[in-house]
Amino acid sequence: MLKLNEQIYDAIRRHGEETYPYECCGVLLGHSADFVNDVEEAVRAGNIRTDSAHNRYQIAPQELVKIQRLGRERGLDIVGFYHSHPDHPAQWSKTDLAEAHWIGCSYVITAVIDGVAQATNSFLLAGTGEEDKAFEHEVTQVAALEAERC
Amino acid sequence: MKIHIPTPLRVYSDKQDTVSVHATTVGEALNALTAKHPELKKHLYSEEGKLRSFVNVYLNDEDIRYLPEKDATRVGEKDALSIIPSIAGGY
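Residues numbered from 1 in each chain as written. Chains lettered and ligands numbered in written order. Predicted model: local features only at pLDDT ≥ 70, side-chain atom pairs only at ≥ 80, totals over all residues. Heavy atoms only, no water.

Visitor: Any chance you could break down the interface of chain B and chain A for me, citing the residues and the numbers?
Guide: Between chain B and chain A, the contact holds 24 residues from the first and 35 residues from the second. Counting each side, the surface lost to burial between chain B and chain A is near 2,600 Å², with a carbon and sulfur contribution of 56%. Counting the surface chain B buries against chain A, the share from its top three residues, Ile 87, Ala 88 and Tyr 91 of chain B, is 33%. One can count 3 salt bridges joining chain B with chain A. A salt bridge links Asp 77 of chain A to Arg 10 of chain B, with the shortest nitrogen-to-oxygen separation between them at 2.9 Å. Remark: the boundary between chain B and chain A carries 17 residue pairs in polar contact (both at pLDDT 80 or more). Contributing elements (two or more residues each) for the side of chain B that touches chain A: β3 (55-59), β5 (80-85) and β6 (87-90) of chain B. Of the residues in the side of chain B that touches chain A, the class split is 11 nonpolar, 10 polar and 3 charged. (Contact = heavy atoms within 4.5 Å. Buried area = accessible area lost by both parts, 1.4 Å probe. Salt bridge = Lys/Arg side-chain N within 4 Å of Asp/Glu carboxyl O. Polar contact = N/O pair within 3.5 Å; in protein donor to acceptor, adjacent residues only side chain to side chain. Helix = DSSP H or I, 4+ residues; strand = E, 2+ residues; numbered from the N terminus. Nonpolar A, V, L, I, M, F, W, Y, C, P; charged D, E, K, R; others polar.)

Visitor: Can you explain the layout of surface pockets? Please cite residues and give values.
Guide: By volume, the largest pocket amounts to about 880 Å³. For the largest pocket, the lining is made up of 35 residues, of which Ile 103 and Gly 104 of chain A together with Thr 7, Pro 8 and Val 11 of chain B are closest to its centre. For the lining of the largest pocket, the elements supplying multiple residues, two or more each, are β2 (25-33), β3 (36-45), β5 (77-86) and β7 (116-126) of chain A together with α2 (41-44) of chain B. Taken together, the residues of the lining of the largest pocket break down into 17 nonpolar, 9 polar and 9 charged. Reported here for the second largest pocket is a volume of approximately 210 Å³. Lining the second largest pocket are Gly 27, Leu 30, Asn 31, Thr 34, Lys 41, Tyr 45, Gly 49, Leu 51, Ile 64, Arg 65, Lys 70 and Asp 71 of chain B. In terms of residue class, the lining of the second largest pocket is made up of 4 nonpolar, 4 polar and 4 charged. (1 Å grid on protein atoms, 1.4 Å probe; cavity = no way out; pocket = protein on both sides within 12 Å on 5 of 7 lines; lining within 4 Å. Points joined across faces, edges and corners; volume = space filled by probe spheres on them.)

Visitor: Could you give me a rundown of the nonpolar core, with the residues and numbers involved?
Guide: For soluble globular proteins, nonpolar side chains are generally found buried alongside one another. In terms of nonpolar packing, the biggest core is built from 28 residues, with Val 27, Phe 81, Trp 102 and Tyr 107 of chain A together with Ile 87 of chain B touching the most fellow members. The set of elements that each furnish at least two residues to this core consists of β2, β3, β4 (56-59), α2 (61-73), β5, β6 (106-113) and β7 of chain A. Not counting residues up to four positions away in its chain, the partners in contact with Val 27 of chain A are Glu 41, Ala 42, Val 43, Ile 59, Leu 64, Ile 67, Ile 78, Gly 80, Phe 81 and Tyr 82 of chain A. Counting residues in each nonpolar core, the second largest holds 24 residues, with Leu 9, Ala 29, Leu 30 and Ile 83 of chain B among its members. (Core = buried A, V, L, I, M, F, W, Y, C linked by side-chain atoms within 4.5 Å. Buried < 20%, exposed > 50% of the residue type's maximum accessible area, 1.4 Å probe, protein only.)

Visitor: Mind laying out the packing of aromatic side chains, listing which residues take part and the relevant values?
Guide: Residues and elements named next belong to chain A. Inspection of the entire model under this criterion finds 5 aromatic pairs over all chains. A ring pair is formed by Phe 81 and Trp 102, whose centres lie 5.2 Å apart and whose planes are at 70°; its orientation type is edge-to-face. Within this pair, whereas Phe 81 is found in strand β5, its partner Trp 102 is found in the loop between α3 (94-98) and β6, the two being separated by 21 residues in sequence. By relative accessible area, Phe 81 is classed as buried at 1%. On the basis of relative accessibility, which here comes to 0%, the residue Trp 102 falls in the buried class. Here a set of aromatic residues connected by ring pairs shows up, and it is made of Phe 81, Trp 92, Trp 102, Tyr 107, Phe 123 and Phe 135. (Phe/Tyr/Trp six-rings, centres within 6.5 Å; stacked < 30°, edge-to-face > 60°.)

Visitor: Outline unusual backbone geometry, supporting the account with residue identities and numerical values.
Guide: Following Tyr 20 of chain A, the chain continues into Pro 21 of chain A via a peptide bond in cis, with omega recorded as 5°. Here Pro 21 of chain A lies in the loop between α1 (6-19) and β2. In the Ramachandran plot, Asp 34 of chain A falls in the positive-phi region, its phi being about 50° despite a non-glycine side chain. The topology assignment puts Asp 34 of chain A in the loop between β2 and β3. The phi dihedral of Asp 14 of chain B is positive, around 55°, even though this residue is not glycine. By the secondary structure assignment, Asp 14 of chain B is in the loop between β1 (2-4) and β2 (18-20). Judged by its relative accessible area of 61%, Asp 14 of chain B falls in the exposed class.

Visitor: Give me the lowdown on the sheet that holds β1 of chain B, citing residues and values where you can.
Guide: Backbone-to-backbone hydrogen bonds pair the strands of a sheet. The strands run either parallel or antiparallel. Taken in spatial order, the 5 strands of this open sheet run β2-β1-β5-β3-β4 (chain B), and their pairing is mixed. The sheet terminates laterally at β2 and β4 (62-63) of chain B, the two strands that pair on one side only. Relative to β5 of chain B, β1 of chain B is paired through 3 bridges, and the arrangement is parallel. Across the sheet, His 4 of chain B pairs through a bridge with Ser 82 of chain B, a residue of β5 of chain B. In the packing of α2 of chain A onto the sheet, the strands contacted are β1, β2, β3 and β5 of chain B, and the crossing angle to β5 of chain B comes to about 115°. (Pairing = 2+ DSSP bridges. Axes fitted to C-alpha atoms, helices over the stretch in contact; angles between N-to-C directions.)

Encoded structure:
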């Protein structure tokens, strides 16, 4: 299960709208336990696949190192990633699976159709390694900010 | 020196996010890491013994693949290695 609040959920979707017709991408920081990835912060990242940014994304490893360091300083781990599919369904692709290596992390995909964010789905990268990894659709629980204040 | 382990590989490092090793070069540090936690080896290296293509190792903010002396680069106690699997995709 992926847990995040409304503000983070909206920020992820808005990022996809801002970069349309190109893919956006970012990192989810939080805590992971018992197959629940609890997100506390979404960090925007640059898409270095400028050669084909409408249907490919890649985060520079150096930027990942910095984001991992930022998380460590705040007591947070990398628990997932997000990207958008401009004019394409919010479903993982063969490329997404082939290039996914963070077992146990959530991969969030937002479909952005004609510049407007539509469905947002999350997929857990399950398995033990490259040989048996697989994406599993996971429930996304979005907590309303009002509810959090209670 | 410290070696930072990414979340998916902590299952092979006794759940530690950081492993401390004594080493004078990058290569020695990585060898010390896999000696301490042998299960990590197959997730970091191919059968030919090379770093897997999607595994990035950074010495502080530098990719070790692009360091002039690569594995032989000297390290000190205050340096840190970060292991970072790549992030990419699309449709």
